[in-house]
Amino acid sequence: MSLFNVMDIASTGMSAQSVRLNTTASNVANANSVSSSYEDTYKARHPVFAAELQQASLEQTDGTKVKVLGVVESDKPLQIEYSPGHPMADENGYIYKPNVNVVEEMANMMSASKAYETNVQVADTTKRIFRHVLRLGQGQ
């Protein structure tokens, strides 16, 4: 595997974790929103990742990049609360809250942040190796 492939893999990893961080931030930001209908209520979103396998050459096997297939809405049930005095209550007195679990989202955020950081470290290490190789080529 060449060092260029390592940089490609690390960059796709950072991009994927950035999508994960953004969707998690959106979920946390909307965790306390309220709606007057089931259809209009915010639903938690989660990115879907897949390995992007490259063609293997005869001499070496290339690494596997990360591909973001998309962002899907959670199918967990929404929180329905009877609150007839609430200004957003429907005609039956119910309000609808998102299916966001803030504790899970914070765990996702920490995990995504750590994975992003790890990919940055891989890219930095690869960059240092590039520099050392260039110095060797200059006779230093």
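Residues numbered from 1 in each chain as written. Predicted model: local features only at pLDDT ≥ 70, side-chain atom pairs only at ≥ 80, totals over all residues. Heavy atoms only, no water.

**So, the overall build of the protein**
Okay, step 1: Each helix and strand in the protein was counted, giving two helices and four strands.
Okay, step 2: Along the protein, helices (α) and strands (β) appear in the sequence α-β-β-β-β-α when read from the amino end.
Okay, step 3: Against the 2.2 N^0.38 benchmark of 14 Å for 140 residues, the protein shows a C-alpha radius of gyration of 22 Å, more extended than a compact globule.
Okay, step 4: Along the longest, intermediate and shortest principal axes, the C-alpha atoms of the protein span 80 × 30 × 15 Å.
Okay, step 5: Counting across all 140 residues of the protein, residues that qualify as buried make up 27%.
Okay, step 6: When contacts within the protein are restricted to residue pairs at least 6 apart in sequence, those whose partners lie at least 24 apart make up 64%.
Okay, step 7: Total accessible area computed for the protein in this model is approximately 9,100 Å², and 55% of it derives from carbon and sulfur atoms. (Helix = DSSP H or I, 4+ residues; strand = E, 2+ residues; numbered from the N terminus. Rg over C-alpha atoms; globule rule 2.2 N^0.38 Å. Buried < 20%, exposed > 50% of the residue type's maximum accessible area, 1.4 Å probe, protein only. Contact = heavy atoms within 4.5 Å. Areas by Shrake-Rupley, 256 points an atom, 1.4 Å probe, with all protein chains shown as cover.)

**Concerning the packing of aromatic side chains**
Between two aromatic rings, the relevant description is the distance of the centres plus the angle of the planes.
Okay, step 1: Using the criterion set out here, one finds two aromatic pairs in the structure.
Okay, step 2: Here Tyr38 and Tyr96 contribute two aromatic rings whose centre-to-centre distance is 6.3 Å and whose plane-to-plane angle is 85 degrees, an arrangement assigned as edge-to-face. With Tyr38 in the loop between helix H1 (3–29) and strand S1 (45–53) and Tyr96 in strand S4 (residues 94–97), the pair connects residues that are 58 residues apart, well separated along the chain.
Okay, step 3: Residue classification places Tyr96 among the buried positions, given a relative accessible area of 12%. (Phe/Tyr/Trp six-rings, centres within 6.5 Å; stacked < 30°, edge-to-face > 60°.)

**Quick notes on the side chain of Glu105**
Okay, step 1: Here Glu105 shows up in helix H2 (residues 102–137).
Okay, step 2: Put simply, Glu105 is tucked away with no salt bridge, and the nearest opposite charge, on Lys76, sits 6.9 Å away.
Okay, step 3: Within polar-contact distance, the side chain of Glu105 engages the side chain of Asn27 at 3.3 Å.
Okay, step 4: Setting aside anything within four residues of it in sequence, one finds Glu105 in contact with Thr24, Asn27, Val28, His46 and Val100. (Lys, Arg positive; Asp, Glu negative; His and termini not counted. Salt bridge = Lys/Arg side-chain N within 4 Å of Asp/Glu carboxyl O. Polar contact = N/O pair within 3.5 Å; in protein donor to acceptor, adjacent residues only side chain to side chain.)

**Details of the pattern of salt bridges**
Okay, step 1: Across all of its chains, the model carries five salt bridges by this definition.
Okay, step 2: Asp8 is paired through a salt bridge with Lys65; the nearest N and O atoms lie 3.9 Å apart. One end of the pair, Asp8, is in helix H1; the other, Lys65, is in strand S2 (residues 64–73), with 57 residues separating them in the sequence.
Okay, step 3: By relative accessible area, which is 34% here, Asp8 ends up partly exposed.
Okay, step 4: Glu81 is the salt-bridge partner of Lys97, the closest N and O atoms lying 2.9 Å from each other. Linking Lys97 in strand S4 with Glu81 in strand S3 (residues 79–82), this pair joins segments that are 16 residues apart in sequence.
Okay, step 5: You can call Lys97 partly exposed: its relative accessible area is 25%.

In short, shape yes, function no, at least from these values alone.
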